[in-house]
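Letter by letter, the chains look like this.
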Amino acid sequence: LAYADDLLSFLQSEEEWHALRSNLDLYGRAANAKVNLSKTIAFPITRSPENDLVQALHSTSISWHDENSPGYLRYLGYPVPISRKQIDEFFETCYEKIDRCLHIHSQRSLSILDRGTIVNSLALSKLWHVLWVVQPSKSFLQKVQTRVRRF
């Protein structure tokens, strides 16, 4: 998958990594461009990625991100969490942003219609966006619901 200057590739083996690297080098020569591997992050989409592939990626300047890594990845604005801890961390960050937005706007005298507009278009818009990809816990949804009702 490619979008602007972002590229997402799915690899299963070390051989596929070498083929991709060869194609990226060929692209670089044709376009007079260079792929910056130090900005590249690899992550597993299976519980047990092939060891040869992981070792080949580690031998470059590519960063490795798995369930033991701190934080979560983001690709084109969407979170790419690998573990429940990373999912929870992402949604905690979302909650803090929602809370801050609602706190700022609670200082104003707003009608119920204005409050609804603030909630949907400002406070929860990012959440609506990512709910297509990542499912939050029920406790998170209850926490957000409680905060919105207080607003």
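Structure: see above.
Quick summary incoming for the structure in this document. Please read these numbers as outputs of a predicted model, since none were measured by experiment.

1. Some points on the nonpolar core
Phase 1: Ranked by internal contacts, the top residues of the largest apolar core, which has 20 residues, are Phe91, Ile98, Leu124, Leu127, Phe140 and Val144.
Phase 2: Those elements that provide at least two residues to this core are α3 (84–106), α4 (112–123), α5 (125–130) and α6 (138–150).
Phase 3: The element best represented in this core is α3, accounting for eight residues.
Phase 4: Sequence-distant contacts of Val144, defined by excluding residues within four places in its chain, comprise Tyr95, Ile98, Leu124 and Leu127.

2. Comments concerning a negative patch on the surface
Phase 1: Together, Glu15, Glu16, Glu50 and Asp52 make up a region of like negative charge exposed at the surface.
Phase 2: Residue placement: Asp52 occurs in helix α2 (residues 51–58).

3. Points about the side chain of Ser13
Phase 1: Among the structural elements, Ser13 can be located in the loop between β2 (6–7) and α1 (14–31).
Phase 2: A polar contact of 3.3 Å, which involves the side chain of Ser13, links it to the side chain of Glu15.
Phase 3: Apart from residues no more than four positions distant in its own chain, Ser13 is found in contact with Glu50 and Leu53.

4. Regarding the layout of surface pockets
Phase 1: Reported here for the largest pocket is a volume of approximately 1200 Å³.
Phase 2: Along the walls of the largest pocket sit 40 residues, with Leu7, Leu8, Ser9, Thr40 and Ile41 positioned nearest its centre.
Phase 3: Every element with two or more residues in the lining of the largest pocket is listed here: β2, α1, β3 (41–42), α2 and β5 (73–75).
Phase 4: Here the element with the most residues in the lining of the largest pocket is α1; it accounts for four residues.

Thresholds, definitions, all that
- Residues numbered from 1 in each chain as written.
- Predicted model: local features only at pLDDT ≥ 70, side-chain atom pairs only at ≥ 80, totals over all residues.
- Heavy atoms only, no water.
- Core = buried A, V, L, I, M, F, W, Y, C linked by side-chain atoms within 4.5 Å.
- Buried < 20%, exposed > 50% of the residue type's maximum accessible area, 1.4 Å probe, protein only.
- Helix = DSSP H or I, 4+ residues; strand = E, 2+ residues; numbered from the N terminus.
- Contact = heavy atoms within 4.5 Å.
- Patch = residues over 30% accessible without salt bridge, like charges linked within 9 Å, V, L, I, M, F, W, Y side chains within 5 Å.
- Areas by Shrake-Rupley, 256 points an atom, 1.4 Å probe, with all protein chains shown as cover.
- Salt bridge = Lys/Arg side-chain N within 4 Å of Asp/Glu carboxyl O.
- Lys, Arg positive; Asp, Glu negative; His and termini not counted.
- Charge placed at Lys NZ, Arg CZ, Asp CG, Glu CD.
- Polar contact = N/O pair within 3.5 Å; in protein donor to acceptor, adjacent residues only side chain to side chain.
- 1 Å grid on protein atoms, 1.4 Å probe; cavity = no way out; pocket = protein on both sides within 12 Å on 5 of 7 lines; lining within 4 Å.
- Points joined across faces, edges and corners; volume = space filled by probe spheres on them.

Function-wise, these values are silent; they only describe arrangement.
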